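Listed below are the residues making up each chain.
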Amino acid sequence: VHIGNPKLELMRSNVSISESGDGILYIPTRLKYEQARKSLDWFSKLATKNEWNITYKPHPKDDPTELVENYSIQPEQIVADESLHDLIGTSKIVVGFRSTGLIDAIALDRVTLQLNPSEAPEDWTKIGLLGGRDEESISSKINRLLSDEQYYQRALNNQKQLRESLFGDLDNASEKISDL
């Protein structure tokens, strides 16, 4: 039985969620992993080609300048010093390979996409997360999420069901636990 998760409930209460978020947040996994570098490389090229409004939040242990030097990323797209949770709260879509930040994005009710899920140690698409293995599938999903509000709301509702199955009721967890 999932009662909830007080830690995630606290996180949700401390983050300002923007209903008008229109950008995409990319959360890279540590760049020491080859598959994380490959995913970032093709996604950054895809984002440039599609002219998406994208922000990259480097992993705390990675050098942000590496994103500019080795990938199709402009310096103004990188936000290293802002809280990950605040960035999630102001984004419409969160994308990544296997970062635990993707789980936080689910808890914060942001549509979340996993890149190359079959290459990741954890394929979260098997439990209902959106994902894709190639440029066409990711590009079509993101473009549709950005342009079709009904599709976006369906994806968000499906993800809320996933969130509830993973974490229980995040909005009342502390109260329920204290009543036990």
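Structure: above.
About the thresholds
Residues numbered from 1 in each chain as written. Predicted model: local features only at pLDDT ≥ 70, side-chain atom pairs only at ≥ 80, totals over all residues. Heavy atoms only, no water. 1 Å grid on protein atoms, 1.4 Å probe; cavity = no way out; pocket = protein on both sides within 12 Å on 5 of 7 lines; lining within 4 Å. Points joined across faces, edges and corners; volume = space filled by probe spheres on them. Nonpolar A, V, L, I, M, F, W, Y, C, P; charged D, E, K, R; others polar. Salt bridge = Lys/Arg side-chain N within 4 Å of Asp/Glu carboxyl O. Helix = DSSP H or I, 4+ residues; strand = E, 2+ residues; numbered from the N terminus. Buried < 20%, exposed > 50% of the residue type's maximum accessible area, 1.4 Å probe, protein only. Core = buried A, V, L, I, M, F, W, Y, C linked by side-chain atoms within 4.5 Å. Contact = heavy atoms within 4.5 Å. Expected span 1.5 Å × (residues − 1). Polar contact = N/O pair within 3.5 Å; in protein donor to acceptor, adjacent residues only side chain to side chain. Phe/Tyr/Trp six-rings, centres within 6.5 Å; stacked < 30°, edge-to-face > 60°. Lys NZ or Arg CZ within 6 Å of the ring centre and 35° of its normal.

1. Overview of the layout of surface pockets
Space inside the largest pocket adds up to approximately 250 Å³. As for the largest pocket, its lining consists of 16 residues, and the residues nearest its centre are P28, H59, S99, T100 and G101. Among the residues making up the lining of the largest pocket, the classes are represented as 7 nonpolar, 5 polar and 4 charged.

2. So, the pattern of salt bridges
Summed over the entire model, instances satisfying the criterion amount to 7 salt bridges. As a salt-bridge pair, D41 and K45 come within 3.3 Å of each other at their nearest N and O atoms. In this pair, D41 and K45 are both assigned in helix α2 (residues 34-50), 4 residues apart and thus about one turn of the helix distant. The class for D41 is partly exposed, based on a relative accessible area of 24%. We classify K45 as partly exposed; its relative accessible area is 45%. Of the charged contacts in the structure, one is a salt bridge between E135 and K49, with a shortest N-O distance of 3.6 Å. Note that E135 is positioned in helix α6 (residues 135-147) and K49 in helix α2, a separation of 86 residues in sequence. By relative accessible area, which is 33% here, E135 ends up partly exposed.

3. So, the nonpolar core
F43, Y56, V95 and I142 are the most contacted members of the largest nonpolar core, which has 27 residues in total. Broken down by secondary-structure element, the contributors of at least two residues to this core are β1 (23-27), α2, β2 (54-56), β3 (91-96), β4 (111-115), α6 and α7 (149-167). Filtering out sequence-adjacent residues up to four positions away, F43 remains in contact with I24, Y26, W52, I54, Y56, V95, L115, I138 and I142. Core analysis: the next-biggest nonpolar cluster, separate from the first, contains 15 residues, V79, I88, V94 and L162 among them.

4. Some words on the environment of T55
Looking at where T55 falls in the secondary structure, it is placed in strand β2. With 28 residues separating them along the chain, T55 and I27 place their C-alpha atoms 8.7 Å apart. Residues in contact with T55, not counting those within four places in the same chain, are I24, L25, Y26, Q77 and V79.

5. Topic: unusual backbone geometry
In this structure, E51 takes a positive phi of about 55° despite not being glycine. The exposure class assigned to E51 is exposed, which follows from its relative accessible area of 71%. The phi torsion at D109 lies on the positive side, around 60°, for a residue other than glycine. Structurally, D109 can be placed in the loop between α5 (101-107) and β4. Taking relative accessible area as the criterion, D109 reaches 14% and is therefore assigned buried.

6. Side note on α6
Helix length check: α6 (13 residues) gives 18 Å between terminal C-alpha atoms against 18 Å at 1.5 Å per residue, within 8%. Looking at α6, one finds that the buried residues are S137, I138, S139, I142 and L145. Close packing links the buried residues of α6 with β1, α2, β3, β4, β5 (130-132) and α7. The N-cap residue of α6 is D134: its side-chain oxygen and the backbone nitrogen of E136 are 3.2 Å apart.

7. Overview of the packing of aromatic side chains
Going through the model one piece at a time under the given rule, you end up with 3 aromatic pairs. Look at Y26 and F43: their rings are 5.1 Å apart centre to centre, the planes differ by 25°, and that puts the pair in the stacked class. Remark: F43 occurs in helix α2 and Y26 occurs in strand β1; sequence separation between them is 17 residues. Given the relative accessible area of 0%, F43 is considered buried. Considering the side-chain rings of Y26 and Y56, the 5.7 Å spacing of their centres and the 50° angle between planes classify their relative orientation as tilted. Taken together, the residues Y26 in strand β1 and Y56 in strand β2 connect sequence positions 30 residues apart. Here Y26 matches Y56 in class, with each residue buried. Taking the ring centre of Y152 as reference, the NZ or CZ of K92 above it sits at 4.6 Å. Its end group placed over the ring of Y33, R98 keeps NZ or CZ at 5.0 Å from the ring centre.

Just geometry here; none of it tells us what the structure is for.
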